[in-house]
Amino acid sequence: MENNVKGAVAQGPIETDAIIIGAGPVGLFQVFELGLLEIKAHVIDSLPVVGGQCVELYPDKPIYDIPAVPVCTGQELTDNLLKQIEPFEPTFHLGQEVTVVQKREDGRFDVETSTGTRFITKTIFIAAGVGSFQPRTLKVEGIEQFEGSQVFYRVKDPAKFEGKNIVICGGGDSALDWALNFVGKAESVILLHRREEFRAAPASVAKMKELCEQYEMQFLVGQVTGTEIKDGKLAEVKVTGADGVTRRLPLDMLLVFFGLSPKLGPIAEWGLDIERKQLKVVDTEKFETNVPGIFAVGDINTYPGKKKLILSGFHEAALAAFGAAPYIFPEKKIHMQYTTTSPKLHKILGVETPVFD
Ligand SMILES: Cc1cc2nc3c(=O)[nH]c(=O)nc-3n(C[C@H](O)[C@H](O)[C@H](O)COP(=O)(O)OP(=O)(O)OC[C@H]3O[C@@H](n4cnc5c(N)ncnc54)[C@H](O)[C@@H]3O)c2cc1C
């Protein structure tokens, strides 16, 4: 699986039969349903990990309504889906948002991501859930101009922060993990959180407090309410504490981890029928959108009676795969077969055909 994860910019456009936008549970199962019909897929997600809401919002929480799985966590469901799709060797392009989808004259689509990866594809499956998860930003006037130079919402290159005076905002796992990580590597680390209680793992909080007692780092209760700019650089942030007093914190780098919020984003610009931030499907036979060749499955779609459940998305993925097959194999008649008894499907799945008495 690791070999198939791509983050780098590809040279020319990648030509493919199917693109899946979104690696949540439904996008992952779409790989399986396409795979059974011998259609290989590229899967793109804006997050650096697969699993969508299940991994981003509730990795350790139990799910009880997956058929034949009495209970599993969000992470376990994702791990099992990854295992199930292994025979189909999907190619993952993670940490990149699909920004462009355009119909070509030859009937296929040009697709482009935020990191410049380009594709030409015959079909598209939008499994984008509630939209792509984007970091919640710090709402302080003038801070945007330092994004990418001194203000960061994710750490891409940890070496950039070594030897620097860092202020880290947030009380979740990302804030605590990075604060602990940079102690000893950065010149100084200050963790800033609006209250004494943390969402992060208790062990990380205990470690942070221990490091504070050893004067290895500092923890302050407060919020960034202003900036001080000197020679075009962010020299200080103004921090208002619980006592209402505003203090100045000199810094080189500001890291902000306020969690992620989903945004429909570029999907709204692709000429698709949208109703209350969801994609309308033309019918519930194929789950195709108003643009032939583009299908919408999972939480992103809407139709009469829609229920935003994982099992509904799985069903939609099966029918969308059959709906898409004629675009990829116009000459071929597609028959539904059972995975239990079909030698053809056994070959595709790389398993032995069982002998029935
Ligand atoms: C707390 C909680 C508990 C839940 N419990 C249950 C339960 O018990 N049972 C149940 O059936 N359902 C449950 N759900 C709902 C379930 O998680 C969703 O129905 C399911 O995740 C939908 O899957 P999906 O693949 O359609 O979308 P998502 O899981 O939302 O995944 C969509 C993915 O698409 C990516 N994406 C979006 N736009 C782009 C873009 N332009 N470019 C690249 N990537 C993009 C996103 O980053 C995301 O990773 C729960 C939800 C929550 C929040």
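Residues numbered from 1 in each chain as written. Predicted model: local features only at pLDDT ≥ 70, side-chain atom pairs only at ≥ 80, totals over all residues. Heavy atoms only, no water.

## Examining the overall build of the protein chain
Looking only at helices and strands, one finds seven helices and 22 strands in the protein chain. Across its three principal directions, the C-alpha atoms of the protein chain cover 75 × 50 × 40 Å. Here the analysis covers contacts within the protein chain between residues at least 6 apart in sequence; of these, 58% occur between residues at least 24 apart. Separation of charge centres in the protein chain, based on 38 positive and 47 negative side chains, amounts to 3 Å. (Helix = DSSP H or I, 4+ residues; strand = E, 2+ residues; numbered from the N terminus. Contact = heavy atoms within 4.5 Å. Lys, Arg positive; Asp, Glu negative; His and termini not counted. Charge placed at Lys NZ, Arg CZ, Asp CG, Glu CD.)

## With respect to the site of the ligand
Among the 32 residues in the neighbourhood of the ligand, the closest are listed as Asp45, Tyr58, Asp65, Val98 and Asp299. Asp45 places a polar side-chain atom, nitrogen or oxygen, 2.7 Å from an oxygen atom of the ligand. Here Gln53 contributes a side-chain N or O atom positioned 2.8 Å from an oxygen atom of the ligand. Isolated, the ligand exposes 1,000 Å² of accessible area, and the fraction of that covered by the protein chains is 85%. When residues of the shell around the ligand are traced back to their parent elements, those giving at least two are helix 1 (25–36), strand 3 (41–45), helix 2 (52–56) and strand 10 (132–135). (Near = heavy atom within 4 Å. Polar contact = N/O pair within 3.5 Å; in protein donor to acceptor, adjacent residues only side chain to side chain. Areas by Shrake-Rupley, 256 points an atom, 1.4 Å probe, with all protein chains shown as cover.)

## With respect to the sheet that holds strand 14 (residues 218–230)
Taking strand neighbours across the sheet as the criterion, the seven strands line up as 11-17-12-13-14-15-16 in an open arrangement whose pairing is mixed. Two strands bound the open sheet, and with one partner strand each, they are strand 11 (151–152) and strand 16 (246–250). The sheet contact formed by strand 14 and strand 15 (residues 233–241) spans eight bridges and is antiparallel. From the neighbouring strand, Glu228 faces strand 15, where its bridge partner is Glu236. Along the sheet, helix 4 (residues 173–182) makes contact with strand 12 (165–169), strand 13 (188–193) and strand 17 (253–256), crossing strand 12 at roughly 160°. (Pairing = 2+ DSSP bridges. Axes fitted to C-alpha atoms, helices over the stretch in contact; angles between N-to-C directions.)

## Details of the pattern of salt bridges
Within this structure, the stated rule accounts for 17 salt bridges. With a shortest N-O distance of 3.3 Å, Lys122 and Asp17 are connected by a salt bridge. Here the residue Lys122 occupies a position in strand 9 (residues 118–126), and Asp17 occupies one in strand 2 (residues 14–21), the gap between them amounting to 105 residues. Among the ionic pairs, Glu210 bridges to Lys207, the shortest N-O distance being 3.9 Å. Of this pair, Glu210 and Lys207 both sit in helix 5 (residues 202–213), three residues apart, which is roughly one turn of the helix. Exposure remark for Lys207: the relative accessible area of 38% places this residue in the partly exposed category. One network of salt bridges, with partners in common, ties together Glu15, Arg104, Asp106, Arg108 and Asp110. (Salt bridge = Lys/Arg side-chain N within 4 Å of Asp/Glu carboxyl O. Buried < 20%, exposed > 50% of the residue type's maximum accessible area, 1.4 Å probe, protein only.)

## A word on the environment of Ile66
Topologically, Ile66 is positioned in the loop between strand 4 (62–63) and strand 5 (72–73). Since its relative accessible area comes to 8%, Ile66 is described here as buried. The sequence separation of Ile66 and Ala200 amounts to 134 residues, and the corresponding C-alpha distance is 28 Å. Setting aside its immediate chain neighbours within four residues, Ile66 contacts Leu77 and Ile310.

## With respect to a positive patch on the surface
Taken together, Arg136, Lys139, Arg194, Arg199 and Lys263 make up a surface patch of like positive charges. You can see Lys139 is positioned in the loop between strand 10 and strand 11. (Patch = residues over 30% accessible without salt bridge, like charges linked within 9 Å, V, L, I, M, F, W, Y side chains within 5 Å.)

## Some thoughts on helix 3 (residues 74–85)
Here helix 3 is twelve residues long and its end C-alpha atoms lie 17 Å apart, about the 16 Å a rise of 1.5 Å per residue gives. Among the residues of helix 3, those classed as buried are Gly74, Leu77, Thr78, Leu81, Leu82 and Ile85. The buried residues of helix 3 occupy an angular sector of 135° when projected down its axis, which confines them to one face. Buried positions along helix 3 lie against helix 1, helix 2, strand 4, strand 5, strand 6 (91–94) and helix 6 (310–328). (Expected span 1.5 Å × (residues − 1). Arc of directions from axis to C-beta.)

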